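Residue-level structural notes
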Amino acid sequence: MNSREIGKKIKELRRKKNMTQQELAEKCGFTNSLLSKIENGQTGSAIATLSKIAAALGVSLAWLLQEDQSEPLVIMKKEERQTVAAGEEKGYLYEPLANHSANSKIEPVIVSVLPENKNLQPYTHSEDEFILVLSGEINLNFDGKDQYLKAGDSAYFKGTTPHVFLPVNDQEAKVLSVFVTHLE
């Protein structure tokens, strides 16, 4: 799904919830101008930004990134998956692994950690996160401390703690990341 389609979904849901752009922007902690650009598909958005919008609108991040399906079994063939840029400032590409209901409590994605982005800033989101390094190496900067992880290593952590995946060398790394929404 491209930036324009994501923006359209955000705008439609915001309107269904009778929220103004200003109200949603304030709830998310950013400017009305940024939200307007996102809704109009004029800018790519970091996954942390989209996560804040999703939380403010009461939907899952996956709902924003892909088309919603409420089937009892959803199979997504590799050739059908699409990569979503997380916004150039984050240095990641995201590949959602399942089309599922907006009510789902888990969101599996493959994160490509790009080697040219070594100065990324930590971010937060409301979900817990499980990661498994599929290939390559990363430094998981968690709460200001680097944790070196290589293919086969995994971690589970609270997304509310500042964190970021940093490349270790000039090779792209692939990370299976599963976002887990807390039950209320």
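Fair warning: this is a prediction, and the values are worked out from it, not measured in the lab.

In this section: the packing of helix α2 (residues 21-28) against helix α3 (residues 32-39). Between α2 and α3, whose axes approach to 8 Å, the crossing angle comes to 110°. Taken together, the axes of α2 and α3 lie roughly perpendicular to each other. Between α2 and α3, the residues in contact are Q21, Q22, L24 and A25 and N32, L35, S36 and E39, respectively.

Further remarks concern the nonpolar core. Nonpolar side chains in soluble globular proteins tend to be buried together. I10, L24, I53, Y92, I131, I138 and F165 are the most contacted members of the largest nonpolar core, which has 42 residues in total. If one sorts the elements of this core by residue count, helix α4 (residues 47-57) sits on top with seven residues. Beyond its immediate chain neighbours, meaning those up to four positions away, I131 contacts I138, L140, L149, D153, S154, A155, F157, F165, V175, L176 and S177.

Across the two faces of strand β7 (residues 154-158) the burial differs, with A155 and F157 buried and S154, Y156 and K158 not buried at all. Direction of pairing for strand β4 (residues 128-135) relative to β7: antiparallel, over a ladder of five bridges. Of the residues in β7, the one forming a bridge with D128 is K158.

What counts, and at which threshold
- Counting of residues starts from 1 at the beginning of each chain's written sequence and follows it residue by residue.
- In keeping with the predicted nature of the model, local features appear solely for residues at pLDDT of at least 70, side-chain atom pairs appear and are counted solely at 80 or more, and the whole-chain, interface and lining totals rest on all residues.
- Think of the side-chain values as coming from all heavy atoms in the structure, minus any hydrogens and water.
- Helix axes are fitted only over the stretch in contact, all axes being lines through C-alpha atoms; the angle between N-to-C directions runs from 0 to 180 degrees.
- Strands are runs of DSSP state E lasting at least two residues, helices are runs of H or I lasting at least four, and both sets are numbered from the N terminus onward.
- Angular relationships are summarised with four words: roughly parallel below 35 degrees, roughly antiparallel beyond 145, roughly perpendicular across 65 to 115, and oblique for the angles in between.
- Throughout, a residue-residue contact means that at least one pair of heavy atoms, one from each residue, lies within 4.5 Å.
- For the purposes of this section, nonpolar cores are sets of buried Ala, Val, Leu, Ile, Met, Phe, Trp, Tyr and Cys residues that join through side-chain atoms within 4.5 Å.
- When accessible area is computed with a 1.4 Å probe and restricted to protein chains, residues below 20% of their type maximum are described as buried, those above 50% as exposed, and intermediate ones as partly exposed.
- Should DSSP find at least two bridges between two strands, the strands are regarded as paired.

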